[in-house]
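Chain and residue survey
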Amino acid sequence: MSDFLGMPTSRPRPAADLDARVARLRSGREPYVLATVVRAQRPTSAKAGDRALVLPDGTIEGFVGGVCATDTVRAQGLRLLEPRHAGRATLLRITPEAGEPHEEDGLVAVGQPCLSGGTLEIFLEAVLPPALVHVHGDSPIARAFAAVGTALGYQIETGPGVAPGTDAVLVASHGIGEEPVLRDALAKGVPYIGLIASRRRGAAVLAGVEGSERVRVPAGLDIGARTPGEVAVSVYAEIISLR
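Since this is a predicted model, take the numbers as computed values, not measurements.

1. Focus: the packing of aromatic side chains
- Tallying each qualifying case throughout the model produces two aromatic pairs.
- Ring geometry for Phe 145 versus Tyr 236: centroids 6.1 Å apart, planes at 90°, classification edge-to-face. With Phe 145 in helix α3 (residues 140-151) and Tyr 236 in helix α6 (residues 228-242), this pair connects stretches of sequence that are 91 residues apart.
- A residue is classified by how much of its surface remains accessible, and Phe 145, at 0% relative accessible area, is buried.
- Centroid distance Tyr 154 to Tyr 236: 5.8 Å. Interplanar angle 55°. Geometry classified as tilted. Separated by 82 residues along the polypeptide, Tyr 154 in the loop between α3 and β9 (155-157) and Tyr 236 in helix α6 bring together distant segments of the chain.
- Tyr 154 sits in the buried class, given a relative accessible area of 15%.
- Site record: aromatic cluster; members linked through ring pairs are Phe 145, Tyr 154 and Tyr 236.

2. A word on the sheet that holds strand β2 (residues 51-54)
- Within the open sheet, the seven strands sit side by side as β3-β2-β1-β7-β4-β6-β5. Their pairing is mixed. Either end of the sheet is taken by a strand with one partner, and the two such strands are β3 (60-62) and β5 (102-104). Going from strand to strand, the sheet's axes swing by 20° on average, the running direction of each strand aside.
- Sheet topology places strand β1 (residues 32-41) next to strand β7 (residues 119-127); nine bridges connect them, and they run antiparallel. Counterpart to Val 33 in the pairing with β7 is Ala 126.
- In this fold helix α1 (residues 15-27) packs onto β1, β2, β3 and β7, with an angle of close to 25° to the strand it touches most, β2.
- The strands touched by helix α2 (residues 67-80) are β1, β2, β3, β4 (89-95), β5, β6 (107-111) and β7; relative to β7, the strand with the most contacts, the crossing angle is about 30°.

3. Comments concerning α2
- The terminal C-alpha atoms of α2, which comprises 14 residues, lie 20 Å apart, in line with the 20 Å expected from a rise of 1.5 Å per residue.
- Listing the buried residues of α2 in full gives Cys 68, Ala 69, Thr 70, Thr 72, Val 73, Gln 76, Gly 77, Arg 79 and Leu 80.

Calculation rules
- Residues numbered from 1 in each chain as written.
- Predicted model: local features only at pLDDT ≥ 70, side-chain atom pairs only at ≥ 80, totals over all residues.
- Heavy atoms only, no water.
- Phe/Tyr/Trp six-rings, centres within 6.5 Å; stacked < 30°, edge-to-face > 60°.
- Helix = DSSP H or I, 4+ residues; strand = E, 2+ residues; numbered from the N terminus.
- Buried < 20%, exposed > 50% of the residue type's maximum accessible area, 1.4 Å probe, protein only.
- Pairing = 2+ DSSP bridges.
- Axes fitted to C-alpha atoms, helices over the stretch in contact; angles between N-to-C directions.
- Contact = heavy atoms within 4.5 Å.
- Expected span 1.5 Å × (residues − 1).

Following this line, the structure appears as structure tokens:
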């Protein structure tokens, strides 16, 4: 089958299949880029509404055009998954009117590499898994950690065991089961580990914990926090500043 933007590398998947794939990626906390054709000026093989997913390994699932369009979507999609661009969205314009690649706020324009011409405008949205925060404890501060973290859009986990890929572990259990959780978090290389305790009690808890210099105690920025909600805000502010 001919293709105005090169030979096709994939065919359209039913919307339900693509939506199901997105749901699996989200549940598996896997990053991806959703590419949606918003404008197609003939001759093009894609049409407005066509969609595809760009995965971190360069795989494209779905259809947004032939080889010429697909290669450009892959390159720009992977670019959006790089740490310096992560989480951004952009409008990609593939057009014979563009010479050298051109970028401005929210727009990337690249030349149409196929001889047939045609213009495509494709919205690229990088979707990254939310920060994963493990909260240990059932104290008022622990409950505030869960509430504030949820409001921030983070994924909150509780219960035994720190999951791989956890971004932060917050311990607010007033002495109950603190050391095992801290050791688990340190062993798994969790970037932020916070212990709610005074400096004196914190030092006693961490005395027998290897690698304890990585634990922040007392956790949080010094904003004069007093209430559980204020303490939660100070800790999340510290996490955000470090990220």
